[in-house]
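The primary structure of each chain is shown beneath.
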Amino acid sequence: MRLASWRMIAKLVRGSDVVLEVVDIRDPVSTMSRRLEKIVEAFDKTLLIVLNKSDLVPRSVAEGWKSYLESLGYKAMYVSATSRLGTRMLRGWVRASVPAKPFTAAVVGYPKTGKSSIINALRGRKGALTSPIPGSFGYTRSFQIFKVEEGFYMIDTPGIVPVEGGWPEAVIRGKAPEEIPDPLPAAVALIEKALKYNRRALLEAYGIEETDPYKALEILALKRGWRYKSTGEPLIEEAARTVIRDYHTAKLYFYVPPPDK
Ligand SMILES: Nc1nc2c(ncn2[C@@H]2O[C@H](COP(=O)(O)OP(=O)(O)OP(=O)(O)O)[C@@H](O)[C@H]2O)c(=O)[nH]1
Ligand SMILES: [Mg+2]
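Residues numbered from 1 in each chain as written. Chains lettered and ligands numbered in written order. Predicted model: local features only at pLDDT ≥ 70, side-chain atom pairs only at ≥ 80, totals over all residues.

Novice: Give a detailed account of the domain arrangement of the protein, specifying residues and quantitative values.
Specialist: For the protein, the assigned domains read domain 1 (6-156) and domain 2 (180-248). Centre-to-centre, using C-alpha coordinates, domain 1 lies 31 Å away from domain 2. (Domains from an automatic or database assignment.)

Next up, the structure:
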């Protein structure tokens, strides 16, 4: 799977008028990039944090994240690209953030935060390819320019290399699930995080009551009939990849609440 290089991102930021950093509102802090923000600062461009997928969290949580980020000095807005919530406002906000047309807005962020979906929502039609799983058909492979309206252009980018943002986000977004060499540690960390924020996450997704991540993966593998041919042991790697995929599609459901200010 091809990700954007920082060199390319820096060049893109330099040539753009405004930068939209798209983050996943289920876990904004883990999907924000200080490195990107520093590049935007260095070129003295306007940065807008777009908290996307807000259909997946209660309104109060979306509001909480927005005001938390604003308290840190960011300009932030929450939207749902796929439910078209707040997207009209976002279009107006981007327009208002630049002095005049024509202008170019770069859309940058971690893999799978919904960058292409936002561009489609702002244009009011499909055009940028989208996909639920990193590396699967439809993920963005190269920079591409789209016209939103006369004089308003947006540049879609592949996800940026997730060096920060922490564990396990960097691993599960950085590669296609089948390409993660050992998916177990990332899946275990993901399950721990899911259960921390939604103790019914495994129950809701798989009907599994077990809360030990490793045991839960075994149960999931057995439920699905995934066993090693040689030994009959549960094929937990397959269960691990499934859990990672299900996080991408929000079947494994949780969100991180905003910190108290
Ligand atoms: N629930 C929900 N899903 C969304 C939203 N926006 C995007 N998605 C889904 O998230 C997945 C990723 O969306 P993309 O637009 O392909 O994300 P991207 O950031 O362009 O991904 P890459 O190009 O691979 O980095 C797709 O399955 C989208 O349908 C949203 O607002 N809500
Ligand atoms: Mg994309």
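Having seen it, we continue.
Novice: Tell me about the environment of leucine 195, and please be specific about residues and values.
Specialist: One can find leucine 195 in helix α7 (residues 183-197). C-beta crowding within 10 Å serves as the criterion here: with 18 such atoms nearby, leucine 195 is assigned to the partly exposed category. For the pair leucine 195 and phenylalanine 254, spaced 59 residues apart in sequence, the C-alpha to C-alpha distance is 7.9 Å. Setting aside residues up to four positions removed in sequence, leucine 195 forms contacts with Ala201, Leu202 and Thr211. (Helix = DSSP H or I, 4+ residues; strand = E, 2+ residues; numbered from the N terminus. Buried ≥ 20, exposed ≤ 12 C-beta atoms within 10 Å, placed from the backbone. Contact = placed C-beta atoms within 7 Å.)

Novice: Could you give an account of the sheet that holds strand β3 (residues 76-78), with specific residues and numbers?
Specialist: In spatial order, the strands read β3-β2-β1-β4-β6-β5; together these six strands make up an open sheet with mixed pairing. The open sheet terminates on both sides in strands that have one partner only, identified here as β3 and β5 (144-149). Averaged over all adjacent pairs, the angle separating strand axes in this sheet is 25°, with direction ignored. Across seven bridges, the pairing between strand β1 (residues 18-24) and strand β2 (residues 46-52) is parallel. Across the sheet, the residue bridging to valine 23 is leucine 51, located in β2. Strand contacts of helix α3 (residues 59-71): β2 and β3, with the helix running at about 170° to β3, the strand carrying the most contacts. Sitting on the sheet, helix α4 (residues 87-96) touches β1, β2, β3, β4 (103-109), β5 and β6 (152-156), and the angle it makes with β2 is about 170°. (Pairing = 2+ DSSP bridges. Axes fitted to C-alpha atoms, helices over the stretch in contact; angles between N-to-C directions.)

Novice: Account for unusual backbone geometry, naming residues and giving values.
Specialist: Cis rather than trans, the peptide bond between lysine 101 and proline 102 has omega equal to -5°. Looking at the element boundaries, proline 102 is found in the loop between α4 and β4. Of note in this structure, aspartate 44 is not a glycine but carries a positive phi near 55°. Mapped onto the elements, aspartate 44 comes out in the loop between α2 (34-42) and β2. In this model, alanine 250 sits at a positive phi of 70°, which is unusual for a non-glycine residue. On the basis of neighbour count, alanine 250 is assigned to the partly exposed category, with 16 C-beta atoms found within 10 Å.

Novice: Tell me about α7, and please be specific about residues and values.
Specialist: An α-helical turn contains 3.6 residues, so any two residues separated by three or four positions project in the same direction. When the terminal C-alpha atoms of α7 are compared, their 21 Å separation across 15 residues agrees well with the 21 Å that a helix rising 1.5 Å per residue should span. Among the residues of α7, those classed as buried are Pro183, Ala186, Ala187, Leu190, Ile191, Lys193 and Ala194. For α7, the angular spread of the buried residues around the axis is 165°, confining them to a single face. (Expected span 1.5 Å × (residues − 1). Arc of directions from axis to C-beta.)

Novice: Account for the site of ligand 1, with residues named and values stated.
Specialist: If you check the shell around ligand 1, you find 22 residues, and the closest are Gly114, Ser117, Thr130, Tyr139 and Thr140. The biggest single contributor to the shell around ligand 1 is helix α5 (residues 115-123), with three residues. Grouping the constituent residues of the shell around ligand 1 by class yields seven nonpolar, 11 polar and four charged. (Near = placed C-beta within 6 Å. Nonpolar A, V, L, I, M, F, W, Y, C, P; charged D, E, K, R; others polar.)

Novice: Tell me what's going on with the packing of α7 against helix α10 (residues 236-248), and back it up with residues and numbers.
Specialist: Relative orientation of the contacting elements α7 and α10 amounts to 50°, with a least axis distance of 9 Å. Taken together, the axes of α7 and α10 lie oblique to each other. The crossing of α7 and α10 is left-handed. Residue-level inspection shows Pro183, Leu184, Ala186, Ala187, Leu190 and Ile191 of α7 in contact with α10, the latter providing Ile236, Glu237, Ala240, Arg241, Val243, Ile244 and Tyr247. (Parallel < 35°, antiparallel > 145°, perpendicular 65-115°, else oblique. Left-handed = near helix turned anticlockwise from the far one by under 90°.)

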